[in-house]
Amino acid sequence: MSDVTSGAMSDVREVNFDGLVGPTHNYAGLAHGNVASMRHGGLASNPREAALQGLAKMKSLMEAGYAQGVLPPQQRPDLGALRALGFTGSNAEVLTRAAREAPQLLRAVCSASSMWTANAATVTPSIDAADGRVHFTPANLQSSFHRYLEPETTARVLAAIFRDPAHFAHHSALPATPAFSDEGAANHTRLCGDHGEPGVHLYVYGRQAFGGERGPQRYPARQTLEASQAVARQHGLAEAQTVFAQQHPEAIDAGVFHNDVIAVGNGPVLLYHEMAFLDEEQTLEALRSRMATPLIPVRVPSEAISLEEAVSTYLFNSQLLTNPGGDMTLVVPGECQENETVWRAIQDLLLAGHNPIGEILVKDVKQSMRNGGGPACLRLRVALSAQERGALGGRVLLDESLHAELVAWVERHYRDRLTPDDLADPQLAEETLAALDELTRLLGIGNVYPFQLG
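Residues numbered from 1 in each chain as written. Predicted model: local features only at pLDDT ≥ 70, side-chain atom pairs only at ≥ 80, totals over all residues. Heavy atoms only, no water.

Enquirer: Looking at this structure, I do not really get the overall build of the chain. What am I missing?
Expert: Looking only at helices and strands, one finds 18 helices and 15 strands in the chain. In terms of overall size, the chain behaves like a compact globule, its C-alpha atoms giving a radius of gyration of 21 Å where 454 residues would be expected to give roughly 22 Å. Structurally, the chain occupies a C-alpha span of about 60 × 45 × 45 Å along its principal axes. Within the chain, the proportion of its 454 residues that are buried is 60%. (Helix = DSSP H or I, 4+ residues; strand = E, 2+ residues; numbered from the N terminus. Rg over C-alpha atoms; globule rule 2.2 N^0.38 Å. Buried < 20%, exposed > 50% of the residue type's maximum accessible area, 1.4 Å probe, protein only.)

Enquirer: Would you mind going over a nonpolar patch on the surface with me for this structure?
Expert: Residues Leu-85, Phe-145 and Tyr-148 make up a contiguous nonpolar surface patch of roughly 280 Å² in combined accessible area. On the secondary structure map, Tyr-148 appears in helix 6 (residues 145-148). (Patch = residues over 30% accessible without salt bridge, like charges linked within 9 Å, V, L, I, M, F, W, Y side chains within 5 Å. Areas by Shrake-Rupley, 256 points an atom, 1.4 Å probe, with all protein chains shown as cover. Salt bridge = Lys/Arg side-chain N within 4 Å of Asp/Glu carboxyl O.)

Enquirer: I keep staring at empty space enclosed by the protein and nothing clicks. Help me out?
Expert: Any empty space left between atoms is shown by rolling a water-sized probe over those atoms. Within the structure shown, the criterion is met by 6 cavities of 30 Å³ or more. Quantified by volume, the largest cavity comes out at close to 330 Å³. Among the secondary structure elements, those contributing two or more residues to the lining of the largest cavity are strand 6 (188-191), strand 9 (263-266) and strand 15 (379-384). Here the lining of the largest cavity takes 5 residues from strand 15, the largest share from any one element. For the lining of the largest cavity, the per-class residue count stands at 11 nonpolar, 7 polar and 5 charged. (1 Å grid on protein atoms, 1.4 Å probe; cavity = no way out; pocket = protein on both sides within 12 Å on 5 of 7 lines; lining within 4 Å. Points joined across faces, edges and corners; volume = space filled by probe spheres on them. Nonpolar A, V, L, I, M, F, W, Y, C, P; charged D, E, K, R; others polar.)

Enquirer: Quick question: what am I supposed to make of the packing of aromatic side chains here?
Expert: Note on aromatic pairs: each is described by the distance of the centres and the angle between the planes. A full pass over the atoms with the stated rule returns 8 aromatic pairs. Where Phe-17 meets Phe-162, the ring centres are 5.4 Å apart and the plane angle is 70°; that geometry is what we call edge-to-face. Here Phe-17, found in strand 1 (residues 13-19), pairs with Phe-162, found in the loop between helix 7 (151-161) and strand 5 (168-170); they are 145 residues apart in sequence, far enough to count as distant. The exposure classification of Phe-17 matches that of Phe-162, with both residues buried. A ring pair is formed by Phe-136 and Phe-162, whose centres lie 4.4 Å apart and whose planes are at 35°; its orientation type is tilted. Taken as a pair, Phe-136 in strand 4 (residues 134-138) and Phe-162 in the loop between helix 7 and strand 5 lie far apart in primary sequence, 26 residues in all. Here a set of aromatic residues connected by ring pairs shows up, and it is made of Phe-17, Phe-136, Phe-162 and Phe-168. (Phe/Tyr/Trp six-rings, centres within 6.5 Å; stacked < 30°, edge-to-face > 60°.)

Enquirer: Honestly, the pattern of salt bridges in this entry has me stumped. Any pointers?
Expert: Where charged atoms of side chains with opposite charge meet at close range, the side chains can pair. Counting across every chain of the model gives 22 salt bridges. Of the charged contacts in the structure, one is a salt bridge between Lys-57 and Asp-18, with a shortest N-O distance of 2.7 Å. In this pair, Lys-57 is assigned in helix 2 (residues 47-63) and Asp-18 in strand 1, connecting sequence segments 39 residues apart. Judged by its relative accessible area of 1%, Asp-18 falls in the buried class. Glu-431 is the salt-bridge partner of Arg-415, the closest N and O atoms lying 3.0 Å from each other.

Enquirer: I'm lost on the nonpolar core in this one. Help?
Expert: One recurring pattern in soluble globular proteins: nonpolar side chains tend to sit buried together. Counting 97 residues, the largest nonpolar core has Phe-17, Phe-162 and Leu-406 as its most contacted members. With 17 residues, the next largest nonpolar core counts Phe-87, Leu-95, Val-109 and Ala-429 among its residues. (Core = buried A, V, L, I, M, F, W, Y, C linked by side-chain atoms within 4.5 Å.)

Enquirer: Would you take a moment to explain the environment of Val-12 for this structure?
Expert: Locating Val-12 in the fold gives a position in the segment before strand 1. Judged by relative accessible area, which is 11%, Val-12 ranks as buried. Sequence separation of Val-12 and Arg-389 is 377 residues, and the distance between their C-alpha atoms is 9.1 Å. Residues in contact with Val-12, not counting those within four places in the same chain, are His-195, Gly-196, Ala-383, Leu-384, Ser-385 and Arg-389. (Contact = heavy atoms within 4.5 Å.)

Enquirer: Looking at this structure, I do not really get the packing of helix 16 (residues 400-413) against helix 17 (residues 426-443). What am I missing?
Expert: A pair of packed helices is captured by two measures, namely the crossing angle of their axes and the spacing between those axes. The contact between helix 16 and helix 17 brings their axes to 10 Å, and the two run at 170°. One way to sum up the angle between helix 16 and helix 17 is to call them roughly antiparallel. Across from Leu-402, Glu-405, Leu-406, Trp-409, Arg-412 and His-413 in helix 16, the residues of helix 17 making contact are Glu-431, Ala-434, Ala-435, Glu-438, Leu-439, Leu-442 and Leu-443. Residue composition of the contact of helix 16 with helix 17, grouped by class: 8 nonpolar, 1 polar and 4 charged. (Axes fitted to C-alpha atoms, helices over the stretch in contact; angles between N-to-C directions. Parallel < 35°, antiparallel > 145°, perpendicular 65-115°, else oblique.)

Enquirer: How do you make sense of the side chain of Gln-452 when you look at a structure like this?
Expert: Structurally, Gln-452 is set in helix 18 (residues 450-453). With residues near it in sequence (within four places) discarded, Gln-452 still touches Leu-436, Asp-437, Thr-440, Gly-446 and Asn-447.

Enquirer: What is the right way to look at the sheet that holds strand 1 in this model?
Expert: Whether parallel or antiparallel, the strands of a sheet pair through hydrogen bonds between backbone atoms. Strand order across the open sheet formed by 3 strands is 2-1-15, with mixed pairing between neighbours. Of all the strands in the sheet, just strand 2 (67-71) and strand 15 have a single pairing partner and so form its edges. Adjacent strand axes in the sheet meet at a mean angle of 30°, parallel and antiparallel pairs treated alike. When strand 1 meets strand 15, the two strands line up antiparallel, connected through 6 bridges. Its bridge partner being in strand 15, Asn-16 is matched across the sheet by Arg-381. (Pairing = 2+ DSSP bridges.)

And the structure:
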């Protein structure tokens, strides 16, 4: 380990990079195993409200003293993907034919799922890396077609923002095969004392590609052990810095498609449901043996909150943040407050428990929740030193001015109602390209979209 990483860095802050919800945000019910997505498939969405809800959450956290960044949405509809699948002609002709012959494909290439940037990549901060740089691996997201379309643009966006090779290292996405199915930071948690201290990386997988461990029966396991191990190797992490734990198959079959639907960590705290891991005690013991700071496990038993309640409210898909006063804040979706059992458990187990969680913030992200993504899905966590924050490209750290400009941008370009049938409208495609072209100039990240690159 380099001199840079041998001790703590006092100026490190965790920046939450939230995904801007794209103009084609719709409820197509594409994600098998995501209960909320399947339940709301076919309903009308409100892209404008979705984007403004996300921006409101970002602004409130920024005003509370947290470092907040933004990531742009993907180019949608992905007309290039439709052309690669044999649809020809003008944009309007491609959309019309796809809507007639393959409506599910059209819905897939219009998905705004990139808003859930917890799936964008896996990140290792420089304090943990042997070369003293921040490492990024875009997730291949091969388990679903609509998300498989994202990694190429994601890689360009990350390279445009984290562009200085002296501070940032970018790796290729893993081979897009079932053996290396990778869903990014949604299955990765870094535990440590302070963000500027060396940490231990918990990788949670659903299945082994080359093994015979017990797996789910109803829904697919999206993350493989082999993918998690490959990412750790790419980032140069040693065995003493990593723990690999299998997600409980029964949780996956209950709709826990990513680990961040059943567990969330921050600093030394791991808040988790008792059904999060197949071998709970072994997982905790492995973390304890590797962490320099004592692990603080906060266990929620099934008697207090069932798996079904955890999935319907997304309690564990909340953001757990260290607030400026040193305590921790849990940012939960409004659905937690609306569920009497879950809200009571939050008061009794979390706020009244012996742990650093001292504040609950409730945020309305219903448009995202209906598609199966809560507050934690909406952000990619990147621990950065002051020097690394200064090396960022573009204008992506949120402040009052950028927030106001993004709100105005949304209000200019976004529709307030969108149904799956509207996705064939060629005017929607034109509106989206115009919006994204303007956004890249607003953020100062250059040309990152296929239509800008020719």
